[in-house]
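# Examining the three-dimensional arrangement
Each chain is listed here by its residues.
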Amino acid sequence: MNDDTIETVSGSGNVFRDFGYPDSDVRQAKALLGTQIMKILEGEGLSTRQAEARTGVSHSEFSRIRQAKFSRFTIDRLMAILARLGQEVELSV
């Protein structure tokens, strides 16, 4: 057995902050909203085309969300997509 000690470091709860991104809170919010959209699509078995037909949001946007490419989205846009999917979004500070 090796007596080397392993140092563990607890994260902040925001991986983007832990990696030093200056806009970490925005990135975290987008990731949480995008993940919720992905859960809805998966849970309802919706393809990107079906989601487009249901919401009027381009299937290419749903494709970007499924690929976790959130840089082109604003928080407001992701919230609007959730609303079109029948979700109520509540923010608290």
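Residues numbered from 1 in each chain as written. Predicted model: local features only at pLDDT ≥ 70, side-chain atom pairs only at ≥ 80, totals over all residues. Heavy atoms only, no water.

## Topic: the packing of helix H2 (residues 24-43) against helix H4 (residues 59-66)
The interhelical angle for the contact between H2 and H4, taken along N-to-C directions, is 110°, at an axis separation of 9 Å. By the angle between their axes, H2 is roughly perpendicular relative to H4. Residues Gly34, Ile37, Met38, Leu41 and Glu42 of H2 pack against Phe62, Ile65 and Arg66 of H4. (Axes fitted to C-alpha atoms, helices over the stretch in contact; angles between N-to-C directions. Helix = DSSP H or I, 4+ residues; strand = E, 2+ residues; numbered from the N terminus. Parallel < 35°, antiparallel > 145°, perpendicular 65-115°, else oblique. Contact = heavy atoms within 4.5 Å.)

## A few points about the pattern of salt bridges
Going through the model one piece at a time under the given rule, you end up with 5 salt bridges. A salt bridge links Glu61 to Arg77, with the shortest nitrogen-to-oxygen separation between them at 3.0 Å. Residue Glu61 is found in helix H4, and its partner Arg77 is found in helix H5 (residues 75-84); the two are separated by 16 residues along the sequence. (Salt bridge = Lys/Arg side-chain N within 4 Å of Asp/Glu carboxyl O.)

## A closer look at a nonpolar patch on the surface
Among the surface-exposed residues, Val15, Phe19 and Tyr21 lie close enough to one another that they form a single nonpolar patch of about 330 Å² accessible area. For Phe19, the position within the fold is in the loop between helix H1 (15-18) and H2. The exposed category is assigned to Phe19, whose relative accessible area is 66%. (Patch = residues over 30% accessible without salt bridge, like charges linked within 9 Å, V, L, I, M, F, W, Y side chains within 5 Å. Areas by Shrake-Rupley, 256 points an atom, 1.4 Å probe, with all protein chains shown as cover. Buried < 20%, exposed > 50% of the residue type's maximum accessible area, 1.4 Å probe, protein only.)

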